[in-house]
Every structure is written in C-alpha cells, then in structure tokens.
Amino acid sequence: MVGPSGEQVGVVRTDDARKLAYDADLDLVEVAPKAKPPVCKIMDYGKYRYEQDQKAREARRNQQRTVVKEQKFRPKIDEHDYETKKGNVVRFLEKGSKVKVTIMFRGREQSRPELGYRLLERLADEVSEYGVVESRPRQDGRNMTMVFGPVRNKKKK
C-alpha cells in the first residue's frame, strides 16, 4: 500500500487499509490489480480525476487542427487570374493550412492533361518557399489534383 503523501506503507490487510483511508477522509484506490499482492493507494480520487480531465483538456487545446483549403484552376487560365489564385495559395500556406489545388478539364481539354501537369509544376516551383508538395499531380476523371503542405520551421527574416 502507498500512503497519502506517496510513502510506502508496506503490505497491509484490506480492512486495515480501508480504515486508514477512512480516518484520513480519503479514498482507497487500487492502482495495480494484477500485481502480487495488489497495490493500493490512499488518495482523493475526485481531485485525481479532476486533474486528469484538466490535463486532457489542455492537451486538446494545444492540438493542431489541419485545415485543407482548395483552389481550383482551369488549363487555359489567364496570367492575371493565375497570379490571383497563386496569391490565395500562398496566403493559405502562410496561415498553416494545407492546400488542394484542382485543375478542372472540360470537353476537349481532357485530351491534353499535360497542360494541367505543366500548370501544377509551375505553381509548385513558384510557391516552393511557402509550401512543399505532399502529393504529386494525379488525374482522377475530369480533374487533376495536387496537395501542398505548409513549410514547417521556416526561418524568420
């Protein structure tokens, strides 16, 4: 048995352990039931549970949530539109979000997937200081997708 302040009490009968816990106005908690003999501790169980909940809540609060933003392009995009959408991708990456870039093909554009591939490669080169490519360009049906993740541990200038 372990006492209320963490000291080793030794092997004690169950009835005596209950009496010690009752006298200290604390709870007798079985810590290691599989041990021979089982290990018990005298503690305030309500306070222990409260502290565990507080630690779990703090861990959830400090947890990073991954947000995936999406930016859509077309293969025959004008230069100004391209720069605007590239600026959006850079802004998302600077805020720490992942970005899924989708190129939508329509009609006869589907027979020229290399246009979309070139566009994605160009975008990857231009935003390389803000994000890294997490998945290479992949064609699925009418769309070609690529995923960028933010650069971690970026040195501040």
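Structure first, text after, so check above.
Residues numbered from 1 in each chain as written. Predicted model: local features only at pLDDT ≥ 70, side-chain atom pairs only at ≥ 80, totals over all residues. Heavy atoms only, no water.

**Q** Talk me through the nonpolar core; I want residue IDs and the actual numbers.
**A** Core analysis: the largest hydrophobic core is formed by 18 residues, its most contacted members being Phe73, Val99, Val101, Ile103, Leu123, Val127 and Phe148. For this core, the secondary-structure elements that each account for two or more residues are helix H3 (79–94), strand S4 (98–104), helix H4 (113–126) and strand S6 (143–150). Looking at this core element by element, the count peaks at five residues for H3. Those residues in contact with leucine 123 that sit more than four places away from it in its chain are Phe73, Tyr82, Lys86, Val101 and Phe148. (Core = buried A, V, L, I, M, F, W, Y, C linked by side-chain atoms within 4.5 Å. Buried < 20%, exposed > 50% of the residue type's maximum accessible area, 1.4 Å probe, protein only. Helix = DSSP H or I, 4+ residues; strand = E, 2+ residues; numbered from the N terminus. Contact = heavy atoms within 4.5 Å.)

**Q** How would you summarise the packing of H3 against H4 if you had to cite specific residues and measurements?
**A** Contact pair H3 / H4: the axes reach a minimum separation of 12 Å and the direction vectors enclose 50°. With respect to their mutual orientation, H3 and H4 come out oblique. Two packed elements cross with a definite hand, and for H3 against H4 that hand is right-handed. Each of Glu79, Tyr82, Glu83 and Lys86 in H3 lies in contact with H4, whose residues at this interface are Leu119, Arg122, Leu123 and Glu126. Residues of the contact of H3 with H4, tallied by class, amount to three nonpolar, no polar and five charged. (Axes fitted to C-alpha atoms, helices over the stretch in contact; angles between N-to-C directions. Parallel < 35°, antiparallel > 145°, perpendicular 65-115°, else oblique. Left-handed = near helix turned anticlockwise from the far one by under 90°. Nonpolar A, V, L, I, M, F, W, Y, C, P; charged D, E, K, R; others polar.)

**Q** An account of a negative patch on the surface is needed here, citing residue identities and associated values.
**A** A cluster of acidic residues, Asp25, Asp27, Asp44 and Glu51, forms a negative patch at the surface. Relative to the assigned elements, glutamate 51 resides in helix H2 (residues 45–61). Classification of glutamate 51 as partly exposed rests on a relative accessible area of 37%. (Patch = residues over 30% accessible without salt bridge, like charges linked within 9 Å, V, L, I, M, F, W, Y side chains within 5 Å. Areas by Shrake-Rupley, 256 points an atom, 1.4 Å probe, with all protein chains shown as cover. Salt bridge = Lys/Arg side-chain N within 4 Å of Asp/Glu carboxyl O. Lys, Arg positive; Asp, Glu negative; His and termini not counted. Charge placed at Lys NZ, Arg CZ, Asp CG, Glu CD.)

**Q** Could you give an account of the side chain of glutamine 71, with specific residues and numbers?
**A** As for its position among the elements, glutamine 71 is in strand S3 (residues 68–73). For glutamine 71, the contacting residues outside a window of four places in its chain are Lys85, Asn88, Val89, Phe92, Lys100, Val101 and Thr102.

**Q** Residues and numbers for the layout of surface pockets, please.
**A** Quantified by volume, the largest pocket comes out at close to 220 Å³. The wall of the largest pocket is formed by 13 residues, among which Met1, Val12, Thr14, Pro38 and Cys40 lie closest to the centre. When contributions to the lining of the largest pocket are tallied by element, the ones reaching two or more residues are helix H1 (14–23) and strand S2 (39–43). Per-element tally for the lining of the largest pocket: the top contributor is H1, with three residues. (1 Å grid on protein atoms, 1.4 Å probe; cavity = no way out; pocket = protein on both sides within 12 Å on 5 of 7 lines; lining within 4 Å. Points joined across faces, edges and corners; volume = space filled by probe spheres on them.)

**Q** Mind laying out the pairing of S4, listing which residues take part and the relevant values?
**A** Pairing between S3 and S4: six bridges, direction parallel. Paired with lysine 72 across the strands is threonine 102, a residue of S4. One crossover worth recording links S3 to the parallel S4 by way of H3, and it is right-handed. Direction of pairing for S4 relative to S6: antiparallel, over a ladder of six bridges. In the strand pairing of S6, valine 99 is matched with phenylalanine 148. (Pairing = 2+ DSSP bridges. Right-handed = clockwise from strand over helix to strand, strands pointing away.)

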